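Summary of the model geometry
Chain by chain, the residues run as shown.
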Amino acid sequence: DVDLGTSVPVGTNTLKIYDSTGRSLGSGVAAPANYLLVFIVTNAGEQPVAAAAKIRLYDDPGGPPPSAPSISTLSFADSDATADEVAGVVSWHLSVGSDWGFTTSLAMWFAEDAVGTNGFKVLGSIGVGATQAAIPADTKREGRTWLLVYAENPYGQSSAAVATVLDDLGWTGETITSTTLTSTSTTTTTTT
């Protein structure tokens, strides 16, 4: 058995991580570890972090579903000029110091409001750590005016989401004025 943080002999292809192993990054660091990094060490030294193998940690809590995703900003710009259809890239920034250890994926929904009323899933199984996802061409929004991102794990989906107005380039309906709260800012948007 090998302890985390120690050298592992060449040829080793397994490493046991026991239940009692914490995810702390050390004293003075509030954020938990979200990745296990594996470095190659030679006589010349240790390879840089950017070149290390990165394995995302999932800390199985035995339930319940995860909390809302820790996303500081969420944005979308429609590239489909047809009314009630959208397409384009949804982008977000992960909040610094977030604990993603209880989340296995993200899911994107369209809904009537920021709390998910009459919503439906558009994209699922978006990898944790991703900062963007593409909504395919000709995706029907079915009158929904909000885009929401939820966190998921094997025990279900978060009850809360991060939301933004779903701008439809071809839509000429009513004006929507919204206030979107994120973990770091408040944004007021008017869409016509």
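The preceding data block contains the structure.
Report follows, based on the coordinates. (Residues numbered from 1 in each chain as written. Predicted model: local features only at pLDDT ≥ 70, side-chain atom pairs only at ≥ 80, totals over all residues. Heavy atoms only, no water.)

Topic: the pairing of strand β10 (residues 146–153)
Formally: Between buried and exposed lies partly exposed: a residue is buried under 20% and exposed over 50% of the maximum accessible area for its type, with that area taken using a 1.4 Å probe on protein chains only. The helix count covers DSSP runs of H or I at least four residues long, the strand count covers runs of E at least two residues long, and both are numbered beginning at the N terminus. Strand pairing is assigned whenever DSSP detects at least two bridges linking the two strands.
Across the eight residues of β10, eight count as buried, placing the element largely inside the fold. Judged from the seven bridges that link them, strand β7 (residues 105–111) and β10 form a sheet pairing that is antiparallel. What sits directly across from S105, in β10, is E152. With four bridges connecting them, β10 and strand β12 (residues 162–165) associate as antiparallel partners.

Overview of the pairing of strand β6 (residues 85–94)
As paired elements, strand β5 (residues 71–76) and β6 share five bridges and run antiparallel to each other. Looking at β6, one finds that I71 is bridged to L94. Bridge count between β6 and strand β9 (residues 132–140): six bridges; the pairing is antiparallel. Note on β9: the bridge partner recorded for V90 is A133.

A closer look at the nonpolar core
The condition is simple: Residues grouped as a nonpolar core are buried Ala, Val, Leu, Ile, Met, Phe, Trp, Tyr and Cys residues, joined through side-chain atoms within 4.5 Å. The contact criterion used throughout is that any non-hydrogen atoms of two residues lie within 4.5 Å.
Among the nonpolar cores identified, the biggest contains 21 residues, and V90, W92, M108, I135 and L147 are the most heavily contacted of them. Where this core is concerned, the elements lending two or more residues are β5, β6, β7, β8 (120–127), β9 and β10. For I135, the residues in contact, after removing those within four places along its chain, are F76, V86, A87, G88, V90, M108, F110, L123 and L147. A111, L148, Y150 and V165 belong to the second largest nonpolar core, which has six residues in total.

Side note on the packing of aromatic side chains
Just so we agree on the cut-off: In this analysis, rings of Phe, Tyr and Trp, with Trp reduced to its six-membered ring, are considered paired at centre separations within 6.5 Å, and the interplanar angle assigns stacked below 30 degrees, edge-to-face beyond 60, and tilted for intermediate values.
Tallying each qualifying case throughout the model produces two aromatic pairs. With a centroid separation of 5.8 Å and an interplanar angle of 70°, the aromatic rings of W109 and Y150 are classed as edge-to-face. Placement of the pair is W109 in strand β7 and Y150 in strand β10, with a sequence separation of 41 residues. Ring geometry for F110 and F120: centres 5.7 Å apart, planes at 75°, overall edge-to-face. Taken as a pair, F110 in strand β7 and F120 in strand β8 lie far apart in primary sequence, ten residues in all.

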